[in-house]
Amino acid sequence: MVELRLYIAGQTPSPAAAFANLKKLCEEHLPGRYKIEVIDLLKHPQLAAGDEIVALPTLVRKLPEPLRKIVGDLSNTERTLVGLQLRPAKMDN
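These numbers were taken from a predicted model, which means no experiment stands behind them.

Cut-offs and rules
- Residues numbered from 1 in each chain as written.
- Predicted model: local features only at pLDDT ≥ 70, side-chain atom pairs only at ≥ 80, totals over all residues.
- Heavy atoms only, no water.
- Pairing = 2+ DSSP bridges.
- Helix = DSSP H or I, 4+ residues; strand = E, 2+ residues; numbered from the N terminus.
- Axes fitted to C-alpha atoms, helices over the stretch in contact; angles between N-to-C directions.
- Contact = heavy atoms within 4.5 Å.

Visitor: I'm lost on the sheet that holds strand E3 (residues 58-63) in this one. Help?
Guide: Through backbone hydrogen bonds, the strands of a sheet pair up, either in parallel or in antiparallel fashion. An order of E2-E1-E3-E4 is seen for the four strands of this open sheet, with the pairing classed as mixed. Both edges of this open sheet fall to strand E2 (34-40) and strand E4 (68-71), since each of them pairs with a single strand only. On average, adjacent strands in this sheet sit at an angle of 20° to one another, irrespective of strand direction. Bridge count between E3 and E4: four bridges; the pairing is antiparallel. Within E4, the residue paired with Arg-61 across the bridge is Arg-68. Across the sheet, helix H1 (residues 13-29) is in contact with strand E1 (2-8), E2 and E3; its angle to E2 comes to roughly 175°.

Written as structure tokens, this is what we have:
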């Protein structure tokens, strides 16, 4: 099971895009093997300290360890998969 936490600030286009991109990626690459928790820091600002959030939107992979973070709207699927360590980085020759 891959546990993901998406930190956002309000319901603006950037967080909405990040969630949509994340949901699509998970359905394609982790069907039935993921959990997404969305945390709105406008409602719960105290939760930013726990995962050391400094930019938004930020995606945190809680499990499996080690913890991984990706900042942005997650529109680059390859970068997101590599960042979450769900796919190895391609080596340039």
